[in-house]
Amino acid sequence: MKEIKFKISDKLAGENQPIFVIAEAGVNHNGRLDLALKLIDAAADAGADAVKFQTFRAEQVVTFSGKMADYQKKNIGKTESQLAMLKKLELKEKYYPALIRRAKERGIIFLSAPHGGFGSVDFLQKLKIPAFKFGSGDLTNLPLLEYAAKFKKPMIISTGMATTKEIKLAVKIIKDAGNDKIIVLHCTTNYPTPFGEVNLLAMKTMEKEFDLPVGYSDHTEGIKVSVVAAALGAQVIEKHFTLDRALPGPDHRASLEPGELKEMAGQIRIMEKRLMDGENPLDLIKELGVEESLGSGIKKPVSSELRIAKSVRKSIVAKKDIKKDEVFTMKNLDFKRPGTGIPPYKIQMIIGGIAKVDISKDIIIKKEYIKR
């Protein structure tokens, strides 16, 4: 594989570079500026290269009918709509200048995933965020990936729930838009992920398949699997962290606390040095005692992900009320959870069609609603 590396802010990521460690704050700020600032401090104290949040408004992500994923119900301990849950987890736009300033003061790169779609990409672009990170739920949202790719920034793409074919389509749409600054992260979309569902060797399969830098987005409990990923040659490692696992919210329980995050970053650096000193990666992995996390190496979703995909992937929906006989265009269509309808990558089968019936805003578009 040719050496691929590119800059994310003031750091290089990719082949033959130090592992780029992303401390995933995600929504673990619970909508509070004070917690978000403390998360930045904790990530910087741990020695992470970047701290990452999620940029969205709840109504950009999910329709009124979207239901919580099973892991969200379990981790929160109650059932409500995804819309209600996400509303409490928004990071207000007015907070961003203070957060970016704090990150700069602490010498850590500020990143945020454009979880809310096109509007979030535009917002982060205005803030000059140095890279785009897309979660697994947007892997099949090809119109969004294509749009973001045109800004020519590094794009880090998680691949939970995905088949090799779906990843190929995502990589192609980004490259066709003129952007080859891509890192693909292996991931299992389950919180927490059991060691037996990790299949970390799929990361190496992806490296050979796509000829791109690879990494791992870790949803397991503890730090061992992230360190194994380092031993296997991950160029990026992303891990959720929180100030306190006892806080309310969907992701705290599967996150590291600050001391654990610091230990993980330190163990990754030790692993890098041992590899440079010529130690055998397989011997190092055996030391960690989690060989079951290696898996088969075949990149495909596990059964738990197939259920979760229905909640966290996107479908094509009505962006506003659409009248009978109105033509479908990008102006009246949108992409939101749940993932039970036509996926975004099939948008061209709808564009130019005519609505057979009146369709209310946020309703998932069905094939029987379309006339050609």
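Right above here is the structure, for reference.
Residues numbered from 1 in each chain as written. Predicted model: local features only at pLDDT ≥ 70, side-chain atom pairs only at ≥ 80, totals over all residues. Heavy atoms only, no water.

1. Looking at empty space enclosed by the protein
Keep this limit in mind: Lining residues are those with an atom within 4 Å of a point, where the points come from a 1 Å grid over the protein atoms alone and group into cavities, where a 1.4 Å probe fits but cannot get out, or pockets, open sets with protein on both sides within 12 Å along at least five of seven lines. Grid points are joined across faces, edges and corners, and a volume is the space filled by probe spheres set on the points. Labels follow the DSSP assignment, with helices taken as runs of H or I lasting at least four residues and strands as runs of E lasting at least two, numbered in each case from the N terminus. Three categories are distinguished: nonpolar for Ala, Val, Leu, Ile, Met, Phe, Trp, Tyr, Cys and Pro, charged for Asp, Glu, Lys and Arg, and polar for the others, with Gly belonging to the last.
Scanning all chains against the criterion turns up two cavities of 30 Å³ or more. Looking at the largest cavity, its volume works out to about 430 Å³. Forming the boundary of the largest cavity are 31 residues, of which Gln54, His115, Gly135, Tyr191 and Arg337 lie nearest the centre. Counting residues per element, the ones that place at least two in the lining of the largest cavity are β4 (50–54), α3 (70–76), α4 (82–87) and β10 (236–240). Each residue belonging to the lining of the largest cavity can be placed in one class, and the counts come to twelve nonpolar, eleven polar and eight charged. For the second largest cavity, the lining is made up of 15 residues, of which His186, Cys187, Thr188, Lys300 and Glu305 are closest to its centre. Split by residue class, the lining of the second largest cavity holds six nonpolar, five polar and four charged.

2. What to know about the packing of aromatic side chains
Stated formally: We call Phe, Tyr and Trp rings a pair once their centres come within 6.5 Å, taking the six-membered ring for Trp, and we label the pair stacked below 30 degrees between planes, edge-to-face above 60, and tilted otherwise. Three exposure classes are used, based on accessible area relative to the maximum for each residue type with a 1.4 Å probe and protein chains only: buried under 20%, partly exposed in between, and exposed over 50%.
All told, the structure shown has eight aromatic pairs when counted by the stated rule. Measuring from ring centre to ring centre gives 6.1 Å for Tyr96 and Phe110, while their planes differ by 80°; the resulting arrangement is edge-to-face. Residue Tyr96 is found in helix α5 (residues 96–106), and its partner Phe110 is found in strand β5 (residues 109–113); the two are separated by 14 residues along the sequence. For Phe110, a relative accessible area of 6% puts it in the buried group. Among the aromatic side chains, those forming a connected cluster through ring pairs are Phe118, Phe132, Phe134, Tyr147, Phe151 and Phe335.

3. Some points on the pairing of strand β1 (residues 5–8)
The condition is simple: Here, strands pair whenever DSSP counts at least two bridges between them.
Burial along β1 is one-sided: the face carrying Phe6 and Ile8 is buried and the face carrying Lys5 and Lys7 is not. The antiparallel pairing of β1 with strand β2 (residues 11–14) creates a hairpin that spans two residues between the two strands, and Ser9 there sits at a positive phi of about 60°.

4. Description of the layout of surface pockets
Of the volumes computed, that of the largest pocket is approximately 390 Å³. Lining of the largest pocket is provided by 17 residues; of these, Asn16, Gln17, Gly233, Glu272 and Leu275 occupy positions nearest its centre. Of the residues contributing to the lining of the largest pocket, the split by class is eight nonpolar, five polar and four charged.

5. Things to note about the side chain of Gln54
This is how it is decided: The criterion used for residue contact is that any of the two residues' heavy atoms lie within 4.5 Å.
Within the secondary structure layout, Gln54 lies in strand β4. Once residues within four sequence positions are removed from consideration, Gln54 is found in contact with Gly26, Val27, Leu91, Tyr96, Ser112, Ala113 and His115.

6. Here's the deal with unusual backbone geometry
Residue Tyr191 is joined to Pro192 through a cis peptide bond whose omega torsion reads -5°. Residue Pro338 follows Arg337 across a cis peptide bond; omega there is 5°. Inspection of the secondary structure assignment puts Pro338 in the loop between β12 (333–336) and β13 (354–355). One non-glycine residue, Asn16, adopts positive backbone phi at about 60°. In this structure, Asn16 sits in the loop between β2 and β3 (20–26).

7. With respect to the nonpolar core
Heads up, the rule is: Nine residue types can take part in a nonpolar core, namely buried Ala, Val, Leu, Ile, Met, Phe, Trp, Tyr and Cys, and a core is a set of them joined through side-chain atoms within 4.5 Å.
Counting residues in each nonpolar core, the largest one holds 87 residues, and the members touching the most others are Phe20, Phe53, Phe134, Met155 and Phe241. Residue contributions to this core peak at eight residues, all from helix α1 (residues 33–46). Those residues in contact with Phe134 that lie beyond four places of it in its chain are Pro114, Val121, Leu144, Leu145, Ala148, Met155, Ile156, Ile157 and Ser158. Counting 14 residues, the second-largest nonpolar core is a separate cluster that includes Leu333, Phe335, Ile350 and Ile370.

8. So, the environment of Gly116
By secondary structure assignment, the location of Gly116 is in the loop between β5 and α6 (118–126). Look at Gly116 and you get buried, because its relative accessible area is 10%. Once residues lying within four places of it in the same chain are set aside, the contact partners of Gly116 are Thr55, Phe56, Gln60 and Val61.

9. What to know about helix α13 (residues 303–312)
The following threshold applies: What the arc covers is the set of directions going from the helix axis to the C-beta atoms.
Turning to α13, its buried residues number three or more, namely Ser304, Glu305, Ile308, Ala309, Ser311 and Val312. Angularly, the buried residues of α13 cover 160° about the axis, an arc narrow enough to put them on a single face. Counted as exposed and oriented over 90 degrees from the buried face of α13: Ser303, Arg307 and Lys310.

10. Looking at the side chain of Asn28
Position of Asn28 relative to the elements: it lies in the loop between β3 and α1. Sequence-distant contacts of Asn28, defined by excluding residues within four places in its chain, comprise Leu39, Phe241, Thr242, Asp251, His252 and Ser255.

11. A closer look at the sheet that holds strand β7 (residues 155–158)
Which entries qualify depends on this criterion: Interaxial angle, 0 to 180 degrees, is taken between N-to-C directions of lines fitted to C-alpha atoms, where a helix line uses only the stretch in contact.
Overall, parallel pairing links the eight strands, which are arranged β5-β4-β3-β10-β9-β8-β7-β6 in an open sheet. The open sheet has two free edges, formed respectively by β5 and β6 (132–134), since each of these has just one partner strand. Going across the sheet, the axis of each strand differs from the next one's by a mean of 25°, ignoring polarity. As paired elements, β4 and β5 share five bridges and run parallel to each other. Paired with Gln54 across the bridge in β5 is Ala113.

12. Details of the packing of α1 against α5
What counts is decided by this rule: Oblique is the label for every angle not falling under 35 degrees (roughly parallel), over 145 degrees (roughly antiparallel), or within 65 to 115 degrees (roughly perpendicular). Rotating anticlockwise by less than a right angle from the far helix to the near helix defines a left-handed crossing, while the corresponding clockwise rotation defines a right-handed one.
Contact pair α1 / α5: the axes reach a minimum separation of 10 Å and the direction vectors enclose 20°. When the axis of α1 is compared with that of α5, the two are roughly parallel. Considering the relative orientation of α1 and α5, their crossing is right-handed. Across the interface between the two elements, Leu33, Ala36, Leu37, Ile40, Asp41, Ala44 and Asp45 of α1 pack against Ala98, Leu99, Arg102, Ala103 and Arg106 of α5. Residues that form the contact of α1 with α5 fall into these classes: eight nonpolar, no polar and four charged.

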